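# Survey of secondary and tertiary structure
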Amino acid sequence: TVVVYALLDSPSVAGAYRFAITKGEPLVMDVDAALYPRKEIERIGIAPATSMYQVGENDRRMDWDWRAEIHDSDGLAMHSGNGEWIWRPLGNPAHLRYNAFADENPRGFGLLQRDRDFDHYQDDGVFYEKRPSLWVEPKHGWGRGSVQLVEIPTIDETFDNIVAFWNPESKPQPGQELLYGYRLYWGEQPPVQPPMAKTVATRTGLGGVIGFKREQFSQRFAVDFAGGELAALAKKNATVEAVVETSRGRLDTVSARPLHAIEGYRAMFDVYPGDDSTGQLDLRLYLRHEGRALSETWLYQWNPPAASERRLY
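First, a word on what this report is: a plain description of the structure on this page. Every residue gets a number counted from 1 within its own chain, in the order that chain's sequence is written. With pLDDT at 70 or above as the cut-off, local features in this predicted model cover only qualifying residues; side-chain atom pairs require 80 or more to be listed or tallied, and sums for whole chains, interfaces and linings still use all residues. Side-chain metrics in this entry use all non-hydrogen atoms of the structure; hydrogen atoms and water are not considered.

## Looking at the side chain of Asp74
In plain terms, the rule: A run of DSSP states H or I qualifies as a helix once it reaches four residues; a run of E qualifies as a strand once it reaches two. Both are numbered from the N-terminal end. Think of it in three bands: residues with accessible area under 20% of the maximum for their type are buried, residues over 50% are exposed, and the middle band is partly exposed, with areas taken using a 1.4 Å probe on protein chains only. We treat Lys and Arg as the positive residues and Asp and Glu as the negative residues; His and chain ends play no part in the count. One speaks of a salt bridge when a side-chain nitrogen belonging to Lys or Arg is within 4 Å of a carboxyl oxygen belonging to Asp or Glu. Two residues form a contact once any of their heavy atoms are found within 4.5 Å.
Mapped onto the elements, Asp74 comes out in the loop between strand 6 (70-71) and strand 7 (75-79). At 6.1 Å, Arg114 is the nearest oppositely charged side chain to Asp74, a buried residue that forms no salt bridge. Not counting chain neighbours up to four residues away, the residues in contact with Asp74 comprise Tyr53, Trp87, Pro89, Leu90, Leu112, Gln113, Arg114 and Asp115.

Below you can see the structure in the form of C-alpha cells.
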C-alpha cells in the first residue's frame, strides 16, 4: 500500500486528502478528505469520475468510424440508499445533457464498462473491452444529495465527455468543515453486484412491425437482462413481464421473452412520441415475475428526432 497526502488550495476551497492505494484486482484507493469552503459552493463534486463515450450499440449518432463501438464506459451504475440497483446507459447526445439522481446515503455508484467482448469493439490499439470500471463506495453516510451525471457531445474519442460525482443537497458554506471518506475500486468488475438480473445490452432502432406499413414514427428499444433467477425461469418458460414507464408519448408492443444465448431475457418495446416535439422522454424499465422485481432498474433518456427527420422507410 502506498499512501499519498495532498493539499487542495483553490480560490473557493481549501482541503487535505489522504490516499491509501493498494494494487491488485481490483486496485483499491482508500480516500479521506477534509474540505473547507472559502465561499458558498453552487455545486461541489465529491468522488468525481470522468470517462468517454462516443458511439455504442444504443447510440450511433457518431458512427462514421470503422469500429462499431468506442467507449471507456457504457453505463452509470447506482446502488441507492434504499437498496435499489439502477443502470443508466451512457450516450453521446447532440446537446449537453445533465442529470441529478436524488438519493440519501448512497451505498455506491460508478462508471462501468460491462461489455467485455473484443468483437464488439475490434480495437487492437487501445482495447476498449479492457478498460477498467470505477466503483465509488462511501465509508459512512453522506446524507441527502444526488449522483450527478454530465454527458457532453463529442466527435472524437480523445475527449473525456462523461462526468459523474456526488453533490450534497445543501450548498457548502464558508468556514464549514466537510468530511468525506470513500473507497475507489478500479478493475474489470465492481466489488459488489446486483443480486438480481442486470442489464447486459441496450439497443435502439426504428420501431414498427416487420412486414406491415408504418403509419407513425416510433423508436424500438431492446434491452437484454441476464443473471439472478432468469436462467431458471427461462427453462421453465415462466411468465416474465417487462414493466415500462415513459414520461410522455405512448408505449406499444411491450414484451419480454427468453433469450437462451445469454441465459436471460430480452425486453422490447416501441415508444411513439405523440407529437412533433424533440423534447426529452424519460424511460424506466424492469422485469417482474409474480409481483417480484427480477432485475435492476434500467433508466434511459431519448430525444425524438425533428419531424422532418422521422423517416418511416
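## Observations concerning the pattern of salt bridges
This structure, assessed with the given rule, holds 24 salt bridges. The salt bridge partner of Asp275 is Arg248, with a shortest N-O separation of 3.4 Å. Placement of Asp275 in the loop between strand 19 (264-272) and strand 20 (281-289) and of Arg248 in the loop between strand 17 (241-246) and strand 18 (250-259) is noted, with a sequence separation of 27 residues between them. The network of salt bridges with common partners includes Asp30, Asp32, Glu137, Lys139 and Arg183.

## What to know about the sheet that holds strand 12 (residues 144-151)
Filter applied, for reference: Pairing between strands is defined by DSSP: at least two bridges between the two strands are required. Convention adopted: a line fitted to C-alpha atoms gives each axis, helices being fitted over their contacting stretch, and angles between N-to-C directions are expressed from 0 to 180 degrees.
In space, the four strands of this open sheet follow the order 4-13-12-9, with antiparallel pairing throughout. Of all strands in the sheet, those with a lone pairing partner are strand 4 (46-51) and strand 9 (97-104), marking the two edges. Recorded for the sheet is a direction-independent mean angle of 15° between the axes of neighbouring strands. Inspection of the sheet shows strand 4 paired to strand 13 (residues 162-168) by four bridges, in the antiparallel sense.

## Some thoughts on the nonpolar core
Which entries qualify depends on this criterion: Here, the term nonpolar core denotes a set of buried Ala, Val, Leu, Ile, Met, Phe, Trp, Tyr and Cys residues that are joined through side-chain atoms within 4.5 Å.
Judged by nonpolar contacts, the single largest core of 31 residues is most densely connected at Ile46, Leu76, Phe109, Trp142 and Tyr182. Tyr182 has contacts with Tyr17, Met29, Asp30, Val31, Ile46, Ala47, Val136, Glu137, Pro138, Lys139 and Trp142, leaving out every residue within four places of it along the chain. Counting residues in each nonpolar core, the second largest holds 30 residues, with Ala242, Tyr265, Trp298 and Trp302 among its members.

## Let's talk about the pairing of strand 10 (residues 108-112)
By the criterion of burial, strand 10 is predominantly enclosed, with five of the five residues buried. Here strand 10 shows a buried face lined by Gly108, Gly110 and Leu112 and a second buried face lined by Phe109 and Leu111. Direction of pairing for strand 7 relative to strand 10: antiparallel, over a ladder of five bridges. Bridging across to strand 10, Ala77 finds its partner in Gly110. Of the strand pairs in this sheet, strand 10 and strand 11 (residues 133-138) are connected by three bridges, and their pairing is antiparallel.

## Observations concerning the packing of aromatic side chains
We count it as follows: Working definition: a ring pair exists when centres of Phe, Tyr or Trp rings (six-membered ring for Trp) sit within 6.5 Å. Plane angles under 30 degrees give stacked, over 60 give edge-to-face, the rest tilted. The rule for a charge over a ring is simple: NZ of Lys or CZ of Arg within 6 Å of the ring centre, and within 35 degrees of the ring normal.
Summed over the entire model, instances satisfying the criterion amount to 14 aromatic pairs. With centroids separated by 5.4 Å and ring planes inclined at 85°, the aromatic side chains of Trp142 and Tyr180 adopt a geometry described as edge-to-face. You can see Trp142 sitting in the loop between strand 11 and strand 12 and its partner Tyr180 sitting in strand 14 (residues 178-187), a full 38 residues away along the chain. The exposure class of Tyr180 is buried, given its relative accessible area of 9%. Relative to Trp298, the ring of Phe269 lies with its centre 6.1 Å away and its plane at 75°, an arrangement referred to as edge-to-face. Residue Phe269 is located in strand 19, and its partner Trp298 is located in strand 22 (residues 297-302); the two are separated by 29 residues in the primary sequence. Given a relative accessible area of 0%, Phe269 falls into the buried group. The side chain of Lys130 reaches across the aromatic face of Phe127, ending 4.8 Å from its centre. The ring of Tyr272 is capped by Arg250, whose NZ or CZ atom sits 4.2 Å from the centre of that ring.

The values are spatial; any link to function lies outside them.
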